[in-house]
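Observations on the three-dimensional arrangement
As a plain string of letters, each chain reads:
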Amino acid sequence: MSNHCVGGGAAGVDDLTDDLVAEILLRLRPSEPACLVRASAVCKPWRRLLTDQAFLRRYRDFHGAPPLLGFLHNVAGGGEDRYVPFTASPVSPPDIACPCWVALDCRHGRALLDEFPFSADFTVWHPMAGRRRRLPRPDLPYFMSYAAAVLCSAVGCNHLDCRGGGPFLVVVVGIDEPEQQNSRPWATVYSSDSDSWSPTTSDYLNLTLTPNCDVDRKPAALVGDALHFALAEGSGIIKYNMGECSLSRIHPPVVYKGGIVVMAMGGNLLGLGGIEGSILSMWSSDVSLDGGVRWEKNRVIKLESLLPSIDCVEAVACELAQPAPIGFVDGADIVFVRTDAGIFMIELKSMCVRKVCERGYFKAVFPYTSFCTPGVHLQQNRVQFSRKRLLELREGDVATGMQSNGKSHKGRQP
């Protein structure tokens, strides 16, 4: 009897230790994915725990929304360093030969990139897994002014940890002839399941736009079953209802010439941010009984005490240097603001301000949020190390061969 008690007690202590380890690892901050990777390398039991799907589901549920790990940005003139990490994460910039690729969207663990005119394809990039998939661009004669969004289409997915190998959709919304008097929006959807684009959706009867009205290539807002794309110079919002395959236009509360950002807010509401002078205004919308959109100003933030002052010398440069919102993180209340001094990230809850990019004429920021999966990154690191080691060995063999040839030639000399 006593031996049985002792044995049961020992087993209980072991179980308790495992439970305590799990509780400790559960509380590692997801915004520091390197901690998870290091912890998984401590010992085999820890790695088994951190790669266990049940633990990973519990970890994601415990922390809620995926953490902000970095962002992609579009800057005038292009450039290679277009992915800006916030932490020591295992994410590497996309390996794309085209130096002037453009980010179109970053959502549900994926990024959508455009390499036109160097390539006729879009690229869907999964940063955490390091995988890429090319898909053909829509074959349309008026493919000029457009923006796009990529989103997970897996049934029942809560989008806390979308897998790169799962199904996805790409929604492209554009304007047929933006310079004409009666230009009209259109939309088409790519499905990874069918590997094809849908017929173009257009509203030629009810929806016309003013001349020179372009779609702004900023992050779209997914609210319910509808995607919302901002128009340039804050002139409006194009709404594409994916369930009904219909297009409509939403008029903003104020026309912000510097542009706006749209966002998803709690309660399936559409939000909007715009800057006039040195004032950042945050709005939320609701649908009235007659079907119209009613805007309400939720917050007014004075930027003059938060951001550096603007000193524009060149008129052309000034246009892209005026303070303007260029990105937003849904669920985290974080807005990215462009100034001539760089990009600043403003956390609206704490009002903390952080400079995340140096001076440049930035057009848009696409935040990247995701949970880290340690097993995937350890495997990636081993593959990268193996490739690097193989390259070093090959280079060493070549060098050794050259030295051997040199010695044999020297030996033949009289």
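Notes on the structure follow. (Residues numbered from 1 in each chain as written. Predicted model: local features only at pLDDT ≥ 70, side-chain atom pairs only at ≥ 80, totals over all residues. Heavy atoms only, no water.)

Some words on the packing of aromatic side chains
Scanning all chains against the criterion turns up eight aromatic pairs. Relative to Trp197, the ring of Phe122 lies with its centre 6.4 Å away and its plane at 65°, an arrangement referred to as edge-to-face. Taken together, the positions of Phe122 in strand E5 (residues 121–126) and Trp197 in strand E10 (residues 196–197) put the pair 75 residues apart, joining distant regions of the chain. The same class applies to Phe122 as to Trp197, namely buried. An aromatic cluster of at least three residues, connected via ring pairs, comprises Phe122, Phe168, Tyr190 and Trp197. (Phe/Tyr/Trp six-rings, centres within 6.5 Å; stacked < 30°, edge-to-face > 60°. Helix = DSSP H or I, 4+ residues; strand = E, 2+ residues; numbered from the N terminus. Buried < 20%, exposed > 50% of the residue type's maximum accessible area, 1.4 Å probe, protein only.)

Brief notes about helix H4 (residues 53–63)
Among the residues of H4, those classed as buried are Phe55, Leu56, Tyr59 and Arg60. Within H4, the buried residues cover an arc of 135° as seen down the axis, which keeps them to one side. With a side-chain oxygen positioned 3.2 Å from the backbone nitrogen of Ala54, the residue opening H4 is Asp52. Directly beyond the C-terminal end of H4, a positive phi value near 80° is found at Gly64. (Arc of directions from axis to C-beta. Polar contact = N/O pair within 3.5 Å; in protein donor to acceptor, adjacent residues only side chain to side chain.)

Remarks on the sheet that holds strand E3 (residues 102–107)
Think of a sheet as strands paired side by side through backbone hydrogen bonds, with each pair either parallel or antiparallel. If you walk across this open sheet you meet the four strands as E3-E4-E5-E6, and the pairing is antiparallel. Looking at the sheet topology across the chains shown, the edges are occupied by E3 and strand E6 (131–136). Each strand of the sheet is rotated relative to its neighbour by a mean of 20°, with strand direction disregarded. (Pairing = 2+ DSSP bridges. Axes fitted to C-alpha atoms, helices over the stretch in contact; angles between N-to-C directions.)

Considering the pattern of salt bridges
Within this structure, the stated rule accounts for seven salt bridges. Across the salt bridge formed by Arg58 and Glu23, the nearest N and O atoms sit 2.2 Å from each other. Placement of the pair is Arg58 in helix H4 and Glu23 in helix H1 (residues 2–26), with a sequence separation of 35 residues. For Glu23, a relative accessible area of 28% translates into the label partly exposed. The shortest N-O distance in the salt bridge between Lys218 and Asp216 comes to 3.6 Å. For Lys218, a relative accessible area of 5% corresponds to the buried category. (Salt bridge = Lys/Arg side-chain N within 4 Å of Asp/Glu carboxyl O.)

Observations regarding the pairing of strand E23 (residues 352–357)
In the sheet, strand E22 (residues 342–347) pairs with E23 via five bridges, with the strands oriented antiparallel. Following the sheet pairing, Phe344 is matched in E23 by Lys355. Here E22 hands over to E23 after four residues, with Met351 in that stretch at a positive phi of 60°.

Details of the environment of Tyr368
Structurally, Tyr368 can be placed in strand E24 (residues 362–369). A relative accessible area of 1% places Tyr368 in the buried class. Sequence separation between Tyr368 and His108 is 260 residues, and the spatial gap between their C-alpha atoms is 8.7 Å.

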